[in-house]
Amino acid sequence: MSLLVCAMAFAPLVGLNLLLWMHINAHGRTDVRDAAAHILELVEARLDESMTQLVALGMASKPSCLPDGLAQLSRAAMKATQVSEVSVIDSTGATLCTPNGAPRIVRTVSSAHDTGNPNIKLFAVDLGNDQGPRSVRFVWQFPNGASLAMLLSGEKLMPALVVGRLQADFIARLTLVDGTFVANRLSNQQMASDGKSAFEVQAISDRYPIALTVAVPSEALWRSYRELFIWGNAGGLLLAMLSIAVAIGVARQTEGPVRDIENAIRRGDFIPYYQPLVDIRTGKLRGCEVLVRRRRPDGGIDGPGAFIRLVEATGQIFEITRSLMVQARDELGPAYGPRPELKVSFNLVAEHFDDMTIVSDVQEIFSNGPVRPNQVVLEVTERQPLPNLASARVIIAKLQELGARIALDDVGTGHGGMSYLLKLGADQMKMDKMFVDAIGTERCSSTIIDTLVKLSEDLNMEFVAEGVETFEQIEYLRERGVVAAQGFVFSPPLPGKLYLELVETLHPISGSKKQRKVRKALRGGETEFAA
C-alpha cells in the first residue's frame, strides 16, 4: 500500500515534468525552425544585393584596371556593405588589381558552385594562410578568361542580432551545401560553440548553394528553462493536477475548429465548384475557375466565408488546394482531354510562393493526366502581399516552363499595384468585381476599365472581367474590347456534374450529332440550352 501511495504521490510530478518537456520540445523546434528560415532569408538578401552589383559590373563592360575601371569597382563595393573587396583576376586566378590597394591573399577552400546566374560561380575562401575568417567569393567569368571577383565577409553575411521567439541561446552556422564552413554566429558571446545540441535545424537555400544550421545546446536550453522546472515541481501534487486539467481544457477548446478542419480534409468534405468562364463575343465556354466548398454532414454546402480565414492561418490551405487540384483533374479529365482549349484555374495564396512545393505539385498532378499543365491557370491575388517578389518570380517561371499560365487576380485592389505587373511576368489580368459593379454608377469607372484593358493589350496579357451580373455590363464590356468574363449573369459556381453537362452543351466535340440538353441554374430561374 505504501508503495502505491508513493507512486500516486510522485506520478503527478512525473507527469508535470513530462508535459513541461513536451511543451518546450514542441515550441523549441518550431522556434528554431523559424529562426533558421529568418536568418537564411537575411543572408540571401545580402547575397542578392552583392550579386546585383556584380551583374551590373559584368554587363557594363569588360574588366579594366584603368582609373575609370577601378572607380566602378569601388562604387560597386560601396553599394553592398558586406563586400570587402572587388577585384579583377586573370585566367590563372591571380589578382590583377583592386581599388583597395594591395590585393588580399585569397585561398580557395571549396569547389565552384553554380548560382542563379550562369556567368557567376560561388566559392568559399580563406584570407591568407592562417586558417583565419572565411569569406564567400562571387566570380563573374568573361569569355577571354578574365574575371571579376567580389569578396564577401562571412561574418558580415550573418545578421548581428536575430529578434525572435527563441528563449535559449543558440548557434547559427553558415556553410556551403557541400559542408564547407563559412561563419558562425553566437547569440551569446559567453556561450561555448561546441557541445551536444538539444535541437538542430538546417535550412537550405533554393537560390544559392548555402545552408544555415541553427542549434540550441542542451546546456543553454536547461539554463533558459531551469526556473520553469523548479517552480513547476514546487507546486506539489494538487497544483500539478489542477494545471494539467486546465491545460487539457484549454487545448481542447482552442484546437476544436482546427481538428474539425483536419477531419473534414480526411473525409474529403472540401470539394470543387466550377465558375464558368465565357467568351462574351461568341457565347462559347472558355473554361472555369475552381472555387472551394465544404460539404456538411447534413448534406448542406458551406461557402468559403465559413472556413477560409482559418485554413489560411493554420496552413491547411495547402493540403486543401492540392486536394482540389486532384479532384478537378479526375472530374474534368474525361471532358477536358478531348477539348485542350478549355482552361481550369486555381486560386493560390501568397505562401504558395515561399518555396517550390507548388511547382512539384502541379507537375505531379497534371503532367501525365487527362488535364494537361497547359490547361491550368494559377491565380495570384493582389489582396495578399508577396513577401519576396524575386523568389515568387522564380517560382512563377518554373510553373510557366511546365506550361501553366499565371493570372493576376483582383487587379487594382491590393498590395501589388504596378510592381506585380512589371515583375511577376503574369499571362492574364483579372479585373476585380468592384470595377464591374461601378459600371453605369460611377463617373470614373469607364476611365479605369479602359485603362486596364489598354494596359493588358500593351503587356500582351489576356483580360478577364469578374463578377458580371447584368446584360448591361456585358454590353458595356463588349464595346470596350473585353473578350472573357465570368459571373452570375452566366452561371453561379456549379457542382461538377452540372458543369460537365454545361461543357457538353456549350462546347460539344466536333463532329458529334447527338443532341444534348442542360439545365443551367440562374438567379432568375432555369434555362435550357441545346447543342
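Just above sits the structure.
Throughout, a residue's number is its position along its own chain's written sequence, starting from 1. A pLDDT threshold of at least 70 governs which residues receive local features in this predicted model, and a stricter bar of 80 or more applies before side-chain atom pairs are shown or counted, although totals over entire chains, interfaces and linings include all residues. Hydrogen atoms and water are omitted, and side-chain values are computed over all heavy atoms in the structure.

Quick word on the overall build of the protein chain
- Secondary structure elements are defined from DSSP: runs of H or I of at least 4 residues count as helices, runs of E of at least 2 residues count as strands, and each element is numbered from the N terminus. Along the backbone of the protein chain there are 14 helices and 22 strands.
- Think of it in three bands: residues with accessible area under 20% of the maximum for their type are buried, residues over 50% are exposed, and the middle band is partly exposed, with areas taken using a 1.4 Å probe on protein chains only. The 531 residues of the protein chain split such that 44% are buried.
- The criterion used for residue contact is that any of the two residues' heavy atoms lie within 4.5 Å. Sequence-distant contacts, at least 24 apart, represent 63% of the contacts inside the protein chain between residues at least 6 apart.

A closer look at a nonpolar patch on the surface
- A patch consists of residues exposed above 30% relative accessible area that lack any salt bridge, with like charges linked at up to 9 Å and nonpolar side chains (Val, Leu, Ile, Met, Phe, Trp, Tyr) linked at up to 5 Å. Where accessible areas are quoted, they stem from the Shrake-Rupley method and a 1.4 Å probe; at the residue level, only the protein chains shown are allowed to cover. By salt bridge we mean one thing: a side-chain nitrogen of Lys or Arg within 4 Å of a carboxyl oxygen of Asp or Glu. A cluster of nonpolar side chains, namely Leu18, Leu19 and Met22, defines an oily patch on the protein surface of about 280 Å² accessible area.
- Looking at the element boundaries, Leu19 is found in helix H1 (residues 2-60).

Topic: the nonpolar core
- Residues grouped as a nonpolar core are buried Ala, Val, Leu, Ile, Met, Phe, Trp, Tyr and Cys residues, joined through side-chain atoms within 4.5 Å. Formed by 73 residues in total, the largest nonpolar core has its most connected members in Leu378 and Tyr499.
- In terms of residue count, helix H7 (residues 317-336) provides more of this core than any other element does, 8 residues in total.
- Beyond its immediate stretch of four places on either side in the chain, Leu378 contacts Met325, Phe346, Leu348, Val362, Leu399, Ala404, Arg405, Ile406 and Ala407.
- In this structure, Ala36, Ala76, Phe142 and Phe199 belong to the second largest nonpolar core, which totals 43 residues.

Comments concerning a negative patch on the surface
- By the counting scheme adopted, Arg and Lys are positive, Glu and Asp are negative, and His together with the chain ends is not counted. Charge positions come from single atoms, namely NZ of Lys, CZ of Arg, CG of Asp or CD of Glu. Taken together, the side chains of Glu41, Asp206, Glu312, Glu351, Asp354 and Asp355 make up a negatively charged region of the molecular surface.
- Looking at the element boundaries, Asp354 is found in the loop between strand E15 (343-348) and helix H8 (357-366).
- Looking at Asp354, the relative accessible area reads 41%, which means it is partly exposed.

Considering the packing of aromatic side chains
- In this analysis, rings of Phe, Tyr and Trp, with Trp reduced to its six-membered ring, are considered paired at centre separations within 6.5 Å, and the interplanar angle assigns stacked below 30 degrees, edge-to-face beyond 60, and tilted for intermediate values. Summed over all chains, the structure comprises 5 aromatic pairs.
- Their ring planes at 50° and their centres at 6.2 Å tell us that Trp140 and Phe142 sit as a pair that is tilted.
- For Phe142, a relative accessible area of 10% gives the class buried.
- With a centroid separation of 5.1 Å and 75° between ring planes, the pair formed by Phe270 and Phe307 is classed as edge-to-face.

Description of the pairing of strand E7 (residues 147-153)
- Of all the 7 residues making up E7, 7 are buried; the element is thus mostly covered by neighbouring parts of the structure.
- Side chains of E7 alternate between two faces, with Ser147, Ala149, Leu151 and Ser153 and Leu148, Met150 and Leu152 buried alike.
- Relative to E7, strand E1 (residues 83-89) runs antiparallel, the two being bridged by 6 bridges. Paired with Val86 across the strands is Met150, a residue of E7.
- Pairing analysis gives 7 bridges linking strand E6 (residues 134-141) to E7, with the strands arranged antiparallel. Within E7, the position partnered with Val139 by the bridge is Ala149.
- Between the antiparallel neighbours E6 and E7 lie 5 residues, among them Gly145 with a positive phi of about 100°. One requirement defines pairing of two strands: DSSP has to find at least two bridges between them.

Quick notes on the packing of H7 against H8
- Axis lines are fitted through C-alpha atoms, for helices just across the contact stretch, and the angle between N-to-C directions can take any value from 0 to 180 degrees. Contact pair H7 / H8: the axes reach a minimum separation of 10 Å and the direction vectors enclose 20°. Accordingly, the angle class assigned to the pair H7 and H8 is roughly parallel. Between H7 and H8 lies a crossing whose hand is right-handed. Contacts from Arg322, Met325, Val326 and Arg329 of H7 reach H8 at Ile358, Asp361, Val362, Glu364, Ile365 and Phe366.
- Three categories are distinguished: nonpolar for Ala, Val, Leu, Ile, Met, Phe, Trp, Tyr, Cys and Pro, charged for Asp, Glu, Lys and Arg, and polar for the others, with Gly belonging to the last. A breakdown of the residues in the contact of H7 with H8 according to their chemical character gives 6 nonpolar, no polar and 4 charged. Any angle that falls under 35 degrees is termed roughly parallel, while one over 145 is termed roughly antiparallel, one within 65 to 115 roughly perpendicular, and all others oblique. Crossings are sorted by hand: turned counterclockwise from the far helix by less than a right angle, the near helix makes the crossing left-handed, and turned clockwise it makes it right-handed.

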